[in-house]
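Here are the chains, one letter per residue:
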Amino acid sequence: MGGEKGTERIRGAISRAADSASAGVRKSRRFPTFTRDTARPEGGGRAMGADYPAPYRQWPLLAVCCGVLIGLLVTIGAFRAGLLIIGLSLLGGAVLRWALVSVGMLAVRSRFTDMLTYGILGFMITMLALMAQPKPVISIPFLDDIMHFFVR
């Protein structure tokens, strides 16, 4: 008798699976079959209200992009000055991400990840611009030792 009930359960499960497979619908109790929506990053709302045109609503991103563009244009004539502008623009983006609640499309991921990414990239570009040859503005001795170790 116990065997018949177990067999009926298995047959019922098989018939339900066959019904859903024949209908072309795969049902899962865990995850949906495809993503319907993604969560906005923290601070990913508009920087200004919908009353303003699009460029004004995204002014933090526009400020960083304009700074990088100006830096690229200055790099044509003065290499070090252009790279400093680019690095400082990225550092400014990190400060904007930290200081403002809503930064529009400048928010890509979480606040911490954005600040870390903008900050590290801006710091590294600024430091490399200050150490560029000829006539570096700053000199870090252990970096010279590392360079001389690898390039003889």
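In every chain, residue numbers begin from 1 and rise along the written sequence. Given that this is a predicted model, residues contribute local features only at a pLDDT of at least 70 and side-chain atom pairs are listed and counted only at 80 or more, while totals for whole chains, interfaces and linings are drawn from all residues. To obtain the side-chain values, all non-hydrogen atoms of the structure were included, while hydrogens and water were left out.

Attention now goes to the overall build of the protein. Scanning the protein for helices and strands turns up six helices and zero strands. In this scheme, a residue with accessible area under 20% of its type's maximum is buried, one over 50% is exposed, and one in between is partly exposed, where area comes from a 1.4 Å probe on protein chains only. Among the 152 residues that make up the protein, the fraction classed as buried is 21%. By definition, residues are in contact when any of their heavy atoms lie within 4.5 Å. A separation of at least 24 residues holds for 55% of the contacts in the protein among residues at least 6 apart in sequence. For accessible areas, the Shrake-Rupley method is used with a probe of radius 1.4 Å. Any residue's cover is judged against the shown protein chains and nothing else. Within the structure as shown, the protein displays about 11700 Å² of accessible surface, and the carbon and sulfur contribution to it stands at 67%. The way it works is that DSSP assigns letters per residue, a run of H or I at least four long becomes a helix, a run of E at least two long becomes a strand, and they are numbered from the N terminus.

Another aspect to go through is the environment of V64. Within the secondary structure layout, V64 lies in helix 3 (residues 59-77). With 29 residues separating them in the primary sequence, V64 and G93 have C-alpha atoms 5.9 Å apart. Not counting residues up to four positions away in its chain, the partners in contact with V64 are S89, L90, G93, L96 and L106.

Its place among the elements puts I85 in helix 4 (residues 79-99). On the accessibility criterion, I85 (30% relative accessible area) is partly exposed. Apart from the residues lying within four places of it in its own chain, the contact partners of I85 are G67, I70, G71 and V74.

Our next topic: the side chain of S89. With respect to the helices and strands, S89 occurs in helix 4. For this analysis, a polar contact is any N or O atom pair within 3.5 Å, provided that within protein one partner can donate a hydrogen and the other can accept it, and provided that sequence-adjacent residues contribute only side-chain to side-chain pairs. In terms of polar contacts, S89 uses its side chain to reach the backbone carbonyl oxygen of I85, at 2.8 Å. In this structure S89 touches V64, G67 and V68, once residues within four positions along its chain are discounted.

It is worth spelling out the side chain of R97 at this point. Relative to the elements of secondary structure, R97 occurs in helix 4. Reaching out from R97, the side chain makes a polar contact with the side chain of D114 at a distance of 2.8 Å.

Helix span, expected: 1.5 Å multiplied by one less than the number of residues in the helix. Between its first and last C-alpha atoms helix 4 spans 30 Å; for 21 residues at 1.5 Å apiece the expected length is 30 Å, and the two agree. Within helix 4 the residues assigned to the buried category are G82, I86, G87, S89, L90, G93, A94, L96 and R97. Buried-residue contacts for helix 4 involve helix 3 and helix 5 (111-131).

Aromatic ring pairs are defined here through the distance separating the ring centres and the angle between the ring planes. Pairing of aromatic rings covers Phe, Tyr and Trp, the last counted by its six-membered ring, and requires centre-to-centre distances within 6.5 Å; plane angles under 30 degrees mean stacked, over 60 mean edge-to-face, and any other angle means tilted. Per the counting criterion, the structure on display carries one aromatic pair. Taking 5.2 Å as the distance between ring centres and 80° as the angle between the ring planes, the aromatic pair formed by F149 and F150 counts as edge-to-face. Owing to a relative accessible area of 53%, F149 belongs among the exposed residues under this scheme. The exposure class of F150 is exposed, given its relative accessible area of 64%.

The amide bond that connects Q133 to the next residue, P134, takes the cis arrangement and shows omega of -5°. You can see P134 is positioned in the loop between helix 5 and helix 6 (141-150). The backbone of K135 sits at a positive phi, close to 55°, despite the residue not being glycine. Tracing the backbone through its elements, the reader meets K135 in the loop between helix 5 and helix 6.

Moving on, we come to the nonpolar core. The definition of a nonpolar core used throughout is a set of buried Ala, Val, Leu, Ile, Met, Phe, Trp, Tyr and Cys residues joined through side-chain atoms within 4.5 Å. Core analysis: the biggest nonpolar cluster contains eight residues, these being V64, L90, A94, L96, V103, L106, A107 and Y118. Looking at this core, the element that brings in the most residues is helix 4, giving three residues.

Read these as layout, nothing more, since geometry by itself doesn't imply function.
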